[in-house]
Amino acid sequence: MSDSLIAKYNVAGPRYTSYPTVPFWNTAAFTREDWQKRLTTTFANSNYSAGISLYIHLPFCESLCTFCGCNKRITRNHDVEEPYIDALLSEWEMYCEWLPERPRIAELHLGGGTPSFFSPYELRRLMTGIFRWADPVPTTETSGPDFGWEGHPNNTTTEHLQTLYEYGFRRVSFGVQDYDPVVQKAIHRHQPFANVKRVTEQARAIGYTSISHDLVFGLPFQQQSSIQDTITQTLSLRPDRIAFYSYAHVPWIKGTGQRGFADTDLPGADKKRALYETGRTLLEAGGYTEIGMDHFALPHDSLFKAMNTGQLHRNFMGYTTTQTDILLGLGASAISDVGTAFMQNHKDIGSYQDDVLHNQLPLFKGHLLTEEDTEIRQHILNIMCRFQTRWSTTEWTPAEWREISHQLDDLRADGLLVYDETGLWVRPEGRPFLRNICMVFDRYLTRNPLTTTARPLFSSTV
């Protein structure tokens, strides 16, 4: 990949886990009543055909990782566990009382923060409460429930793994990031390879069928040698899938931990991309296939199969093999999606707990999708998951189509895609620039150029 292309396309842009992206939601037009109506309408049309997805945000961590931009609270006080689980169960009960029938859960994910911050006892109490009000979708020869969770290698125990396995969890991901001690010190994430090896082997022995390792490129002080060593050690454990994320440097977001190093300690855009290319080459040589953006999987893994069958999906949890019309997010800062509307909970844990324990929806903000939103959302989803999309030029006004085709001409001239009046197809050379390609269709960016914003909204695309 040429340095000139990296320089040209290394701009601020969304990761497109949704469209419209959160900064452009029309929050003024959103009400609790709209949300409840759209949720129940979508639920009535989809619960028995596909089930629902459930994301549960567990935001507590014992120590601060200085690369992290997630919503979290740092504490060693484990007395926070019980009231937070109480709040999650109260929120879930409130939703279930709204719904006209018992939910069927097709997909369930525990994210953080650090889910393994919570004791196995509290996780068992959480899962027992969830399934008091719901059932997993039935398992068939071709499909079944997809339950996964995120564990920290330093504090995940066999009891954690066994407890969640008993509730149907078969996927687990472990945050590795990088094994280089210099990088680990900079990001405040001391994590020996022995700990990762232990939990990986324990999960496999218990019966987990999809074990993932999360790696990050573009971290402070990261070198080619550290990427090579990290990938080599990762390959020795043969995780079923690997997330190889680009470090998102967003220090302007309140509450992020990105204060443990200087900007000058980060690799530049060209060096950062070279780190990725090194990692990708090693992973592909090790038998992994690149899936969408930032992900790799072995041929037996469900993520690989979903890509080959056209069932790969992307939502607020990232890439998934399960496509449902409803994704309910429980917990502080969690985001829900019912197809025609998005809603985010309070980010502040105290405000979130106060609302749900008083039987109030912990509404922070939301967005009601327009017809245009829905059409563009599908194009972006197609590009992110299938590297192509089809259209009719009547979807846009003549002025809009002239603008879109002008930008596509530029991308085509750079060898990143081909297109005609019926659709576009991303070339292999264009896959590192998926976010840039999606930005062509983002009407909110067109109408609100990032150069006019008072502060940054997104991380760099490369």
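Residues numbered from 1 in each chain as written. Predicted model: local features only at pLDDT ≥ 70, side-chain atom pairs only at ≥ 80, totals over all residues. Heavy atoms only, no water.

Draft legend 1. Here's a closer look at the packing of aromatic side chains. By the definition in use, this model includes 27 aromatic pairs. Between Phe-30 and Trp-35 the ring centres are 6.2 Å apart and the planes differ by 45°, which places this aromatic pair in the tilted class. The burial state of Phe-30 is the same as that of Trp-35; both residues are buried. Every member of this aromatic cluster is reached through a ring pair, and the members are Phe-60, Tyr-84, Phe-117, Phe-118 and Tyr-352. Directly above the aromatic system of Tyr-165 lies the positively charged group of Arg-170, at a separation of 3.6 Å from the ring centroid. (Phe/Tyr/Trp six-rings, centres within 6.5 Å; stacked < 30°, edge-to-face > 60°. Buried < 20%, exposed > 50% of the residue type's maximum accessible area, 1.4 Å probe, protein only. Lys NZ or Arg CZ within 6 Å of the ring centre and 35° of its normal.)

Draft legend 2. Broad picture of the UniProt feature "binding site: S-adenosyl-L-methionine 2" (unreviewed entry) in the chain. Using the residue numbers shown here, the UniProt feature "binding site: S-adenosyl-L-methionine 2" (unreviewed entry) corresponds to Phe-67, Cys-68, Gly-69, Gly-113, Thr-114, Gln-177, Arg-189, Asp-214 and Ala-248. Relative to the helices and strands, Gly-113 resides in the loop between strand S4 (104-112) and helix H4 (120-132). Discounting chain neighbours no more than four positions away, the residues touching Gly-113 are His-57, Leu-58, Pro-59, Phe-60, Cys-61, Asn-71 and Lys-72. Mapped onto the elements, Arg-189 comes out in the loop between helix H6 (181-186) and helix H7 (193-206). With relative accessibility at 11%, the residue Arg-189 sits in the buried group. Within the structure, the side chain of Arg-189 is placed 3.5 Å from the side chain of His-152, a separation counted as a polar contact. (UniProt positions renumbered as here; feature names shortened; annotations may be inferred. Helix = DSSP H or I, 4+ residues; strand = E, 2+ residues; numbered from the N terminus. Contact = heavy atoms within 4.5 Å. Polar contact = N/O pair within 3.5 Å; in protein donor to acceptor, adjacent residues only side chain to side chain.)

Draft legend 3. The arrangement of the UniProt feature "binding site: S-adenosyl-L-methionine 1" (unreviewed entry) in the chain in detail. Here, the residues flagged by UniProt with the feature "binding site: S-adenosyl-L-methionine 1" (unreviewed entry) are Tyr-55, Gly-112, Glu-150 and Ile-335. Within the secondary structure, Glu-150 is located in strand S6 (residues 146-151). Taking relative accessible area as the criterion, Glu-150 reaches 25% and is therefore assigned partly exposed. One polar contact links Glu-150 to His-109, side chain to side chain, over a distance of 3.0 Å. Structurally, Ile-335 is set in strand S15 (residues 335-337). What makes Ile-335 buried here is its relative accessible area of 15%. Setting aside its immediate chain neighbours within four residues, Ile-335 contacts Val-22, Trp-25, Phe-316, Leu-327, Gly-329, Met-343 and Gln-344.

Draft legend 4. Region of the structure containing unusual backbone geometry. A cis amide bond links Tyr-19 with the next residue in sequence, Pro-20, at an omega value of -5°. Mapped onto the secondary structure, Pro-20 falls in the loop between helix H1 (3-9) and helix H2 (32-46). With an omega dihedral of 15°, the bond running from Gly-112 to Gly-113 counts as a cis peptide bond. One non-glycine residue with positive phi stands out, namely Phe-221, at about 65°. By the element assignment, Phe-221 lies in the loop between strand S8 (210-217) and helix H8 (224-237). Here Phe-221 falls in the partly exposed class, since its relative accessible area comes to 36%.

Draft legend 5. How the structure looks around the packing of H8 against helix H9 (residues 269-285). Between H8 and H9, whose axes approach to 9 Å, the crossing angle comes to 25°. As the angle between them shows, H8 and H9 are arranged roughly parallel. Here the hand of the crossing between H8 and H9 comes out right-handed. Contact residues: Gln-224, Ile-227, Gln-228, Ile-231 and Leu-235 in H8; Ala-274, Leu-275, Thr-278, Gly-279, Leu-282 and Leu-283 in H9. The class makeup of the residues in the contact of H8 with H9 is seven nonpolar, four polar and no charged. (Axes fitted to C-alpha atoms, helices over the stretch in contact; angles between N-to-C directions. Parallel < 35°, antiparallel > 145°, perpendicular 65-115°, else oblique. Left-handed = near helix turned anticlockwise from the far one by under 90°. Nonpolar A, V, L, I, M, F, W, Y, C, P; charged D, E, K, R; others polar.)

Draft legend 6. Structural detail: the domain arrangement of the chain. The domains assigned to the chain are domain 1 (21-368) and domain 2 (371-447). Taking only C-alpha atoms into account, the centre of domain 1 sits 28 Å from that of domain 2. The partner domain 2 presents 12 residues to the 14 residues of domain 1 that form the contact. Between domain 1 and domain 2 the total buried area reaches about 1300 Å² when both faces are included, carbon and sulfur atoms providing 56% of it. Applying the counting criterion to the domain 1 and domain 2 interface returns one salt bridge. (Domains from an automatic or database assignment. Buried area = accessible area lost by both parts, 1.4 Å probe. Salt bridge = Lys/Arg side-chain N within 4 Å of Asp/Glu carboxyl O.)

Draft legend 7. Structural detail: the environment of Arg-15. Looking at the element boundaries, Arg-15 is found in the loop between H1 and H2. Arg-15 sits 278 residues away from Met-293 along the chain, and the two C-alpha atoms are 9.5 Å apart. Not counting residues within four places of it along the chain, the set of residues in contact with Arg-15 comprises Tyr-245, Ser-246, Met-293, Asp-294, Arg-314, Met-384 and Arg-435. Polar side-chain contacts of Arg-15 include one of 2.3 Å to the side chain of Asp-294.

Draft legend 8. The arrangement of the sheet that holds strand S18 (residues 388-390) in detail. As summarised here, the arrangement of the three strands in space is S18-S20-S19, forming an open sheet in which the pairing is antiparallel. Edge positions in the sheet fall to S18 and strand S19 (417-420), since each has one partner strand and no second. Adjacent strand axes in the sheet meet at a mean angle of 10°, parallel and antiparallel pairs treated alike. The pairing of S19 with strand S20 (residues 423-426) spans four bridges and is antiparallel. Across the sheet, the residue bridging to Val-418 is Trp-425, located in S20. (Pairing = 2+ DSSP bridges.)

Draft legend 9. Spatial organisation of helix H5 (residues 158-166). Of all the residues in H5, the buried ones are His-160, Leu-161, Thr-163 and Leu-164. Down the axis of H5, the buried side of the element spans an arc of 165°, and every buried residue falls inside it. On its buried face, H5 is in contact with S4, H4, S6, strand S7 (171-177) and H7. Directly beyond the C-terminal end of H5, a positive phi value near 100° is found at Gly-168. (Arc of directions from axis to C-beta.)

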